[in-house]
Each structure stands twice: as structure tokens, then as C-alpha cells.
Amino acid sequence: NAGVIQTPRHKVTGKGQEATLWCEPISGHSAVFWYRQTIVQGLEFLTYFRNQAPIDDSGMPKERFSAQMPNQSHSTLKIQSTQPQDSAVYLCASSLNWGANTGQLYFGEGSKLTVL
Amino acid sequence: GDSVTQMQGQVTLSEDDFLFINCTYSTTWYPTLFWYVQYPGEGPQLLLKVTTANNKGISRGFEATYDKGTTSFHLQKASVQESDSAVYYCVLGSNYQLIWGSGTKLIIKP
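Heads up: these notes are all about the structure in this document. Computed from a predicted model, the values in this text were never measured in an experiment.

## Examining the packing of aromatic side chains
At step 1: According to the stated counting rule, one finds 13 aromatic pairs over all chains in the structure shown.
At step 2: Taken together, a centroid distance of 4.7 Å and an interplanar angle of 10° make the contact between Phe33(A) and Tyr48(A) stacked. You can see Phe33(A) sitting in strand S4 (residues 31–38) and its partner Tyr48(A) sitting in strand S5 (residues 42–50), a full 15 residues away along the chain. Each member of the pair, Phe33(A) as well as Tyr48(A), carries the same accessibility label: buried.
At step 3: Seen in terms of ring centroids, Trp35(B) and Phe73(B) are 5.4 Å apart; in terms of plane orientation they differ by 50°. Their pairing is tilted. Of this pair, Trp35(B) sits in strand S4 (residues 32–38) while Phe73(B) is found in strand S8 (residues 72–77), placing the two residues 38 residues apart along the sequence.
At step 4: Using a relative accessible area of 0% as the deciding quantity, one classes Phe73(B) as buried.
At step 5: In this structure an aromatic cluster arises from ring pairing among Tyr35(A), Phe45(A), Phe107(A), Phe34(B), Tyr36(B), Tyr89(B) and Trp100(B).

Thresholds, definitions, all that
Residues numbered from 1 in each chain as written. Chains lettered and ligands numbered in written order. Predicted model: local features only at pLDDT ≥ 70, side-chain atom pairs only at ≥ 80, totals over all residues. Heavy atoms only, no water. Phe/Tyr/Trp six-rings, centres within 6.5 Å; stacked < 30°, edge-to-face > 60°. Helix = DSSP H or I, 4+ residues; strand = E, 2+ residues; numbered from the N terminus. Buried < 20%, exposed > 50% of the residue type's maximum accessible area, 1.4 Å probe, protein only.

As C-alpha cells, then:
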């Protein structure tokens, strides 16, 4: 069991550039989540997919951020026109049988984005 | 809306000290309470889950319970070790959402 795989582990971009982060969930897990983590804000929910369908994107900034799950083996988080305040660790998690009362999230090690 | 409050931002202990971290929650649903632990350079991982009030969850020497009357839940360990240094999150599972506390950083003094 390889766990949730996130790439790249570190990414540095210049202000205004685009950043794409990848996540490979654990095989067979039906739910995939994206979170953002900073010292100031802590852990913030961004969005989640179930069986590749977007279910809840209430945490996604309305502009510049988008997430997709084109197949069951990977999801992407894209940030357009990156800004210094987007600097954070972006965490992906997957869950086998998602339900808040039953499900366990398995997190990747995160992708640290630094916007200069 | 649902919420979780985790007041202790940082706890500093010596090895073999007793650990106690407390959170309060608010929800109109039937809650499940979780404790996640995050070690440096890693994502959070599930430590304990408690589905029934006053029942005890136990894992790796840690114990967790929640009290429906006071809407509080806590994590404790009788004797901490240096390897327990991490950030501990209390998490409320309610209505297909996870509500995360702000985290408690546990520092173990050498």
C-alpha cells in the first residue's frame, strides 16, 4: 500500500504564474479531498470528490483555483495567476467509505507551494 | 453551524508527564469525534475515533472520550515520550463534514 502520493513535494513559482498540483489517491478509495495548511489559518478544507464527481467545493476560492478528477487514479489542483498569499502546504487525502461518522482520511505528505 | 474549539495552542511537557488536551464542540447532529496527529513533514493521520458518548477510544497509549452533557472531548496519555512530539487535532464529524480544531502542538522537553 503506497499511500496517497502527492507531486511535486515542493514547488516555487513567481507571482502571476500557474501552479498545478497532483494527487494519486489510494487505489480503491472513492473519496478524494484537498486541504490547504498554513501557520496562520491552520488546516482549511478546499474541495472533495466522490467517485470522481465534485461534491463540495465550498472552501475553494472562487477565482484562480480549480480542481479536477479526470479518473479514479488522480486528481489535480490548479492555481492560476499565483499570489504570495497562496503559499501554503496543499494536502490531498482519500477515504475508502466516506461518511463523516465512519470514514477515515488518509493524507499524503503534501505539496509545499512557495510563491515569490 | 457546527464548530470545534481547541484552546490549547501549545503544550510543553517533560518525558513521562501526563498529557491532557481538551476540545469543545457544537452540533445539531449525532457527532463522531476524531483525534488526528500530524508529525513534522507529514500529513495528519487518524489517532482515535469515538462514536458514542462516554465510551473510550484507545490507541498507542492514548485515550479519548467525549461528554455529551458538556459537549467536550479530550485526549489523554499517562506518560508521554519524545516521539509523541506532534500537532494534535480534534475533529468533529457531523453531517458528512469534518470540522477541524486549530491544533495543539505538543513539545516534549529533553
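Having seen the model, we can carry on.
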